Amino acid sequence: MKFRTEDKIILKAEDLDGYLTEKDLSDIDLLKRMYDDTMKHFEPLEEGKVIENFDRMGKELQRIVAENPNLKVYPFVADSADQAEASRLISKLRDLDTCHEEFVYYSQRAYEMLFKLAYTQPAESKKGHIVVKTPVNNPCQNYAVHKIPDIDEKIGNSVMCVMLRGALLPSIIMSKEIEEYSSEKYVTPFALFKINRDDTKHEDDMEYILNLKKSFFDLHELDGKDWIFADPMNATGGSLVTVVKYLQAQGIKPKSIKFFNVISALKGSLRVIRALPNCTCYTLWLDPVLNSKAYIMPGLGDAGDRLNGCDKKESPRNIIRLIADYGASISTLYHNQLMKIEQTVLD
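The residue numbering used here restarts from 1 in each chain and proceeds along that chain's sequence as written. Whole-chain, interface and lining totals are the exception, using all residues; otherwise, since this is a predicted model, local features are given only for residues with pLDDT of at least 70 and side-chain atom pairs are given and counted only at 80 or more. Computation of side-chain values covers all heavy atoms of the structure but excludes hydrogens and water.

### Some remarks on the overall build of the chain
Then, in step 1: Labels follow the DSSP assignment, with helices taken as runs of H or I lasting at least four residues and strands as runs of E lasting at least two, numbered in each case from the N terminus. When helices and strands are counted, the chain shows 15 helices and 14 strands.
Then, in step 2: Radius of gyration: over C-alpha atoms. The globule rule applied is 2.2 Å multiplied by the number of residues raised to the 0.38 power. For 347 residues, the compact-globule formula gives about 20 Å, and the C-alpha radius of gyration of the chain, at 21 Å, lands near that figure.
Then, in step 3: Counting only C-alpha atoms and orienting by the principal axes, one finds that the chain spans roughly 70 × 50 × 40 Å.
Then, in step 4: Across the 347 residues in the chain, those meeting the buried criterion constitute 49%.
Then, in step 5: Residue pairs at least 24 apart in sequence account for 70% of intrachain contacts in the chain once pairs closer than 6 positions are excluded.
Then, in step 6: In this count, Lys and Arg are taken as positive residues and Asp and Glu as negative ones, while His and the chain termini are left out. Charge placement uses NZ in Lys and CZ in Arg. For Asp and Glu, CG and CD serve respectively. Within the chain, one finds 46 positive and 53 negative side-chain charges whose respective centroids are separated by 2 Å. Burial classes: relative accessible area under 20% of the type maximum marks a residue as buried, over 50% as exposed, and values in between as partly exposed (1.4 Å probe, protein chains only). The contact criterion used is simple: two residues touch if any of their non-hydrogen atoms lie within 4.5 Å.

In structure tokens form, the structure reads like this:
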């Protein structure tokens, strides 16, 4: 890691690749060759051949995941009905015709599924109870009792670590899931990190830039906590590794790290679990390769823009304007989370 100025920290792609093993590089190369062969059948589309090739790649990805217990891929551990649901959901997120509102809806669904994968599977033997006051008050006030998994020990020490911008809404969704499952309605603290990659560069010489001046976090609030990162896509792993390595360099240590993605690239996933041995990656779908610009293939485009809309180059939005653009429905649904973020930024 290299310090360019007092306020910016940079991690280079070559530093990330240094964490990969020879076997990792061999597996990554195998999937690249398989995907290159598949692309030969895209134009014109030879559907049968493409399906056959994707099945072959899927088997190789499943093998690699089985060899790496810190990498949890939803279809590889779910039952057949849940596998089908994940596949249908990802197909909607990938689709060019999926509009912004639908993209937000399916992203919310994806993070609900990922939360259950990490915290409620397999089914917990210990149960908690929710006692709900209902609108029925005749002949007396009515209540209902519902059993849920008791996961307070898993979630009660959590901090949401947000890698702006595309990670903001997924992080809010994960915090809301924690609040809903907590017996004490625990609302996570938030740590907000302004980090981006230099998109003028290519995958093999990419730089990841953490801007401390535009980040908002309390180091002491992070020490010894369970760090949760939620980013719709993990292409290279560079942003996560940059943030975590910076925090560790300040003497701040997590109790655990969980990284939640809707789609991950194989290379990014392997980089993360090699660079951060105490990190577990949870992904709804694992894609085989990156292109030369470090975009996931087949991927789903720029998830941040599809979630948040595009910024104007001359007037990029700050976090408050970004939240305002989510609209009343999001602001109402995630009121407690947005209040925590507001406190983090303004205080």
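### A word on the side chain of Asp226
Then, in step 1: One can find Asp226 in strand E9 (residues 226–230).
Then, in step 2: Salt bridges are defined by distance alone: a side-chain nitrogen of Lys or Arg within 4 Å of a carboxyl oxygen of Asp or Glu. One buried charged side chain, Asp226, makes no salt bridge at all; its nearest oppositely charged neighbour is Lys255, positioned 4.6 Å away.
Then, in step 3: The contact partners of Asp226, leaving out residues within four places of it in the chain, are Lys154, Asn157, Ser158, Val159, Lys255 and Ser256.

### Overview of the pairing of strand E12 (residues 279–287)
Then, in step 1: Along E12, eight of the nine residues are buried, which leaves the element largely enclosed by surrounding structure.
Then, in step 2: In the sheet, strand E3 (residues 71–73) pairs with E12 via three bridges, with the strands oriented parallel. By the bridge assignment, Leu71 is partnered in E12 with Cys281.
Then, in step 3: Think of it this way: DSSP has to see at least two bridges between two strands before they count as a pair. In terms of strand pairing, strand E11 (residues 256–265) meets E12 through eight bridges, oriented parallel. Residue pairing for E12: Lys258 is matched across the bridge by Thr280.
Then, in step 4: For the handedness criterion, the strands are oriented away from the viewer, and a crossover whose path from the first strand over the helix to the second runs clockwise is classed as right-handed. At this point the chain moves from E11, through helix H11 (residues 266–275), to the parallel E12, and the crossover so formed is right-handed.

### Focus: the nonpolar core
Then, in step 1: Only buried residues count toward a nonpolar core, which is a set of Ala, Val, Leu, Ile, Met, Phe, Trp, Tyr and Cys residues joined through side-chain atoms within 4.5 Å. Grouped together as the largest cluster of nonpolar side chains are 105 residues, with contacts concentrated most on Leu168, Phe229, Phe260 and Ile341.
Then, in step 2: Not counting chain neighbours up to four residues away, the residues in contact with Ile341 comprise Leu168, Ile172, Phe190, Leu192, Ile319 and Ile323.

### Considerations on the packing of helix H6 (residues 100–119) against helix H8 (residues 168–181)
Then, in step 1: In the contact formed by H6 and H8, the axes pass within 10 Å of each other and the chain directions differ by 50°. Between H6 and H8, the interaxial angle falls into the category oblique. Crossing geometry of H6 relative to H8 is assigned as right-handed. Of the residues in H8, those touching H6 at Val104, Ser107, Gln108, Tyr111, Glu112, Phe115 and Lys116 are Leu169, Pro170, Ile173, Met174, Glu177, Ile178 and Tyr181.
Then, in step 2: Gly is put with the polar residues, along with every residue not named as nonpolar or charged; the nonpolar set is Ala, Val, Leu, Ile, Met, Phe, Trp, Tyr, Cys and Pro, and the charged set is Asp, Glu, Lys and Arg. Class assignment of the residues belonging to the contact of H6 with H8 gives a composition of nine nonpolar, two polar and three charged. For helices, the fitted line uses only the C-alpha atoms of the stretch in contact; every axis is such a line through C-alpha atoms, and the angle between N-to-C directions lies from 0 to 180 degrees. An angle below 35 degrees is treated as roughly parallel, one above 145 as roughly antiparallel, one from 65 to 115 as roughly perpendicular, and anything else as oblique. Handedness of each helix crossing follows the sense of rotation of the near helix against the far helix: counterclockwise by less than a right angle gives left-handed, clockwise gives right-handed.

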